[in-house]
Amino acid sequence: MKSLHVNFNEATQAIDPLDDVSPEPWDGVCERFDNDVRRIKSVSDSKGYSALYACYDENNQPVYYLVEEGDELTKLRQRTFLGKLGRPQTAGPLEK
């Protein structure tokens, strides 16, 4: 799963690549922002990116990334969600 740091103009919905940036692993970006991320919208990109995400820094300012979504991202979301609930990530379904 790769991600690319970009500029995003909310008023015009324009996405502009930053100069001299390289793709980064998305899970590393999420960890750097303490998993404070939100999906903004779907995009179509010739390089395989399919969504725009905002990562929020310690001042609650958004930093935007194009992300290549897929099965691996779905698994990462589930692990993160379960971890935030305090449930072990390897546990099975809840039993009554």
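Quick notes on the rules
- Residues numbered from 1 in each chain as written.
- Predicted model: local features only at pLDDT ≥ 70, side-chain atom pairs only at ≥ 80, totals over all residues.
- Heavy atoms only, no water.
- Helix = DSSP H or I, 4+ residues; strand = E, 2+ residues; numbered from the N terminus.
- Contact = heavy atoms within 4.5 Å.
- Salt bridge = Lys/Arg side-chain N within 4 Å of Asp/Glu carboxyl O.
- Buried < 20%, exposed > 50% of the residue type's maximum accessible area, 1.4 Å probe, protein only.
- Pairing = 2+ DSSP bridges.
- Phe/Tyr/Trp six-rings, centres within 6.5 Å; stacked < 30°, edge-to-face > 60°.

**Overview of the environment of valine 43**
Part 1 of the argument: Here valine 43 shows up in the loop between strand E4 (37–42) and strand E5 (51–56).
Part 2 of the argument: Taking the C-alpha atoms as reference, valine 43 lies 9.6 Å from isoleucine 15; in sequence the two are 28 residues apart.
Part 3 of the argument: Beyond its immediate chain neighbours, meaning those up to four positions away, valine 43 contacts Ile15, Tyr49, Ser50, Ala51, Leu52 and Leu66.

**Describing the pattern of salt bridges**
Part 1 of the argument: Taken as a whole and judged by the stated rule, the model has 2 salt bridges.
Part 2 of the argument: Note that arginine 32 and glutamate 24 form a salt bridge whose closest N and O atoms lie 3.1 Å from each other.
Part 3 of the argument: A residue is classified by how much of its surface remains accessible, and glutamate 24, at 22% relative accessible area, is partly exposed.

**Regarding the pairing of strand E2 (residues 14–17)**
Part 1 of the argument: As defined by bridge partners, strand E1 (residues 2–9) adjoins E2 across 4 bridges and the pair is classed as antiparallel. Paired with asparagine 9 across the bridge in E2 is alanine 14.
Part 2 of the argument: Taking the residues that link successive antiparallel strands as the turn, the E1-E2 hairpin has 4 residues, and the phi of glutamine 13 there is positive, at about 65°.

**Overview of the packing of aromatic side chains**
Part 1 of the argument: Under the defined criterion, the tally for this structure stands at 4 aromatic pairs.
Part 2 of the argument: Aromatic pair phenylalanine 33 and tyrosine 65: ring centres 6.3 Å apart, planes at 70°, arrangement edge-to-face. Of this pair, phenylalanine 33 sits in the loop between helix H1 (26–32) and E4 while tyrosine 65 is found in strand E6 (residues 62–67), placing the two residues 32 residues apart along the sequence.
Part 3 of the argument: Judged by relative accessible area, which is 13%, phenylalanine 33 ranks as buried.
Part 4 of the argument: Classification of tyrosine 65 by relative accessible area gives buried; the value is 2%.
Part 5 of the argument: The rings of Trp26, Phe33, Tyr53 and Tyr65 are connected pair by pair, giving a single aromatic cluster.

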